[in-house]
Amino acid sequence: NAGVTQTPKFQVLKTGQSMTLQCAQDMNHNSMYWYRQDPGMGLRLIYYSASEGTTDKGEVPNGYNVSRLNKREFSLRLESAAPSQTSVYFCASSEVQGVTNYGYTFGSGTRLTVV
Amino acid sequence: LAKTTQPISMDSYEGQEVNITCSHNNIATNDYITWYQQFPSQGPRFIIQGYKTKVTNEVASLFIPADRKSSTLSLPRVSLSDTAVYYCLVGDNYGQNFVFGPGTRLSVLP
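Summary of the structure given here. (Residues numbered from 1 in each chain as written. Chains lettered and ligands numbered in written order. Predicted model: local features only at pLDDT ≥ 70, side-chain atom pairs only at ≥ 80, totals over all residues. Heavy atoms only, no water.)

### Structural notes on the overall build of chain B
Short version of the rule: A helix here means a DSSP run of H or I that spans at least four residues, while a strand means a run of E at least two residues long, and both kinds are numbered starting from the N terminus. Neither His nor the chain ends contribute to the count of charged residues, in which Lys and Arg are positive and Asp and Glu negative. Charge placement uses NZ in Lys and CZ in Arg. For Asp and Glu, CG and CD serve respectively.
Looking only at helices and strands, chain B has 0 helices and 9 strands in total. Secondary structure of chain B in N-to-C order comes out as β-β-β-β-β-β-β-β-β. Dimensions of chain B, computed from C-alpha atoms along their principal axes, come out at roughly 40 × 30 × 20 Å. Positive and negative side-chain charges of chain B, numbering 8 and 8 respectively, have mean locations separated by a distance of 5 Å.

### Brief notes about the environment of A:Glu52
Structurally, A:Glu52 can be placed in the loop between strand E5 (43–49) and strand E6 (56–57). Separated by 18 residues in sequence, A:Glu52 and A:Asn70 place their C-alpha atoms 5.9 Å apart.

### Quick notes on the sheet that holds strand E7 (residues 64–68) of chain A
Residues and elements named next belong to chain A. The criterion, for reference: Note: two strands are recorded as paired if DSSP finds a minimum of 2 bridges between them. Note on geometry: axes are C-alpha line fits, over the in-contact stretch for helices, and angles between N-to-C directions span 0 to 180 degrees.
The strand order across the open sheet built from 4 strands is E1-E3-E8-E7, with neighbouring strands paired in antiparallel fashion. In this open sheet, the two edge strands, each paired with only one partner strand, are strand E1 (4–7) and E7. Averaged over all adjacent pairs, the angle separating strand axes in this sheet is 15°, with direction ignored. The sheet contact formed by E1 and strand E3 (residues 19–25) spans 4 bridges and is antiparallel. Paired with Thr 7 across the bridge in E3 is Gln 22.

### Digging into the state of the cysteines
Residue and element names in this part refer to chain A. Put simply, the rule reads: Disulfide: a pair of cysteine sulfur atoms within 2.5 Å of each other. Buried residues are those whose accessible area, probed at 1.4 Å on protein chains only, stays under 20% of the maximum for their type, while exposed residues exceed 50% and partly exposed ones sit between those limits.
In this structure the tally under the stated criterion is 2 disulfides over all chains. Paired by a disulfide, Cys 23 and Cys 91 hold their sulfur atoms 1.8 Å apart. Measuring handedness by torsion sign, the sulfur bridge of Cys 23 and Cys 91 sits at about -75° and is left-handed. Of this pair, Cys 23 sits in strand E3 while Cys 91 sits in strand E9 (residues 87–97), placing them 68 residues apart in sequence. Judged by relative accessible area, which is 3%, Cys 23 ranks as buried.

### A look at the pattern of salt bridges
Residue and element names in this part refer to chain A. What counts here: Basic side-chain nitrogens of Lys or Arg form a salt bridge, by our definition, when they fall within 4 Å of a carboxyl oxygen of Asp or Glu.
Within this structure, the stated rule accounts for 3 salt bridges over all chains. Here Asp 38 ties to Arg 44 by a salt bridge, and the two come within 2.6 Å at their closest N and O atoms. Look at Arg 44 and you get partly exposed, because its relative accessible area is 27%. One network of salt bridges, with partners in common, ties together Arg 36, Asp 38 and Arg 44.

### Considering the sheet that holds strand E3 (residues 32–38) of chain B
Pairing between sheet strands relies on hydrogen bonds along the backbone, with the strands arranged either parallel or antiparallel. Residue and element names in this part refer to chain B. Read across the sheet, 5 strands follow the order E1-E9-E8-E3-E4 without closing on themselves; strand pairing throughout is mixed. A single partner strand is all that each edge strand has here, and the edge strands are strand E1 (9–13) and strand E4 (45–50). Looking at each pair of strands side by side, their axes are set apart by 25° on average, direction ignored. Bridge count between strand E8 (residues 84–91) and strand E9 (residues 104–109): 3 bridges; the pairing is antiparallel. Opposite Val 85, over in E9, you have Arg 105 as the bridge partner.

### Comments concerning the packing of aromatic side chains
Here is the rule: When the centres of two rings from Phe, Tyr and Trp lie within 6.5 Å, Trp using its six-membered ring, the rings pair. Their planes under 30 degrees apart give stacked, over 60 give edge-to-face, and anything left gives tilted.
With the rule as written, the count across this model stands at 10 aromatic pairs over all chains. A centroid spacing of 6.0 Å and a plane angle of 45° characterise the contact between A:Tyr104 and B:Tyr36, whose relative ring orientation is tilted. Remark: B:Tyr36 occurs in strand E3 and A:Tyr104 occurs in strand E10 (residues 100–106); the pair is interchain, linking two chains. Since its relative accessible area comes to 2%, A:Tyr104 is described here as buried.

### Some details on the side chain of A:Ser31
All names here are of chain A. The condition is simple: Nitrogen and oxygen atoms within 3.5 Å of one another constitute a polar contact, given that in protein one can donate a hydrogen and the other can accept it, and given that sequence-neighbouring residues count only through two side-chain atoms.
Within the secondary structure layout, Ser 31 lies in strand E4 (residues 31–37). Relative accessible area serves as the criterion here: at 1%, Ser 31 is assigned to the buried category. Within the local environment of Ser 31, its side chain forms a polar contact with the side chain of Asn 30, the two groups lying 3.4 Å apart.

Written as structure tokens, this is what we have:
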């Protein structure tokens, strides 16, 4: 089915380790996003990419880097993981045409635990 | 960014209509109002989006008064499977500044 695919689904890291979360969408959307969701909380925007070749910081970018590899793929990297980064990470994409955003499509999430 | 305020939780019974109201007093002229539904261990799912007046789709209706300072998501005849967290988002048309609050946790009881 068309949609947003995230890998891995689960990951346990030790403090200080690095890893990259992968995200790919097959809907030809131009915008992509990374969010994190802590238990009982709403989603907070980490980084977004309005179009291929551009990335911008969101609400909580510290400790993360992103790469918009092409129109389909948007990866999130943790260079030195910390326990505070234990969370569920969601990737999303959306189609923005002119002045209208047609809504996000989210992936199923990556549950990351940093010990 | 336009901040939103929603009830933290609501309870309802199967077959009832549920209305969840969201306040967004400082909504900007270019802002759209979007609602999402999230089940446990899943990403949010788009439900409905509107700019003014009323929007209806196969899942829900969205009512927006003329001043646009609030909006109401209406779910007709809810079932147990509608138990979820519902988020109201307000953001500019380019969708880069949508902020998710804690949402409204709807519990549908048998």
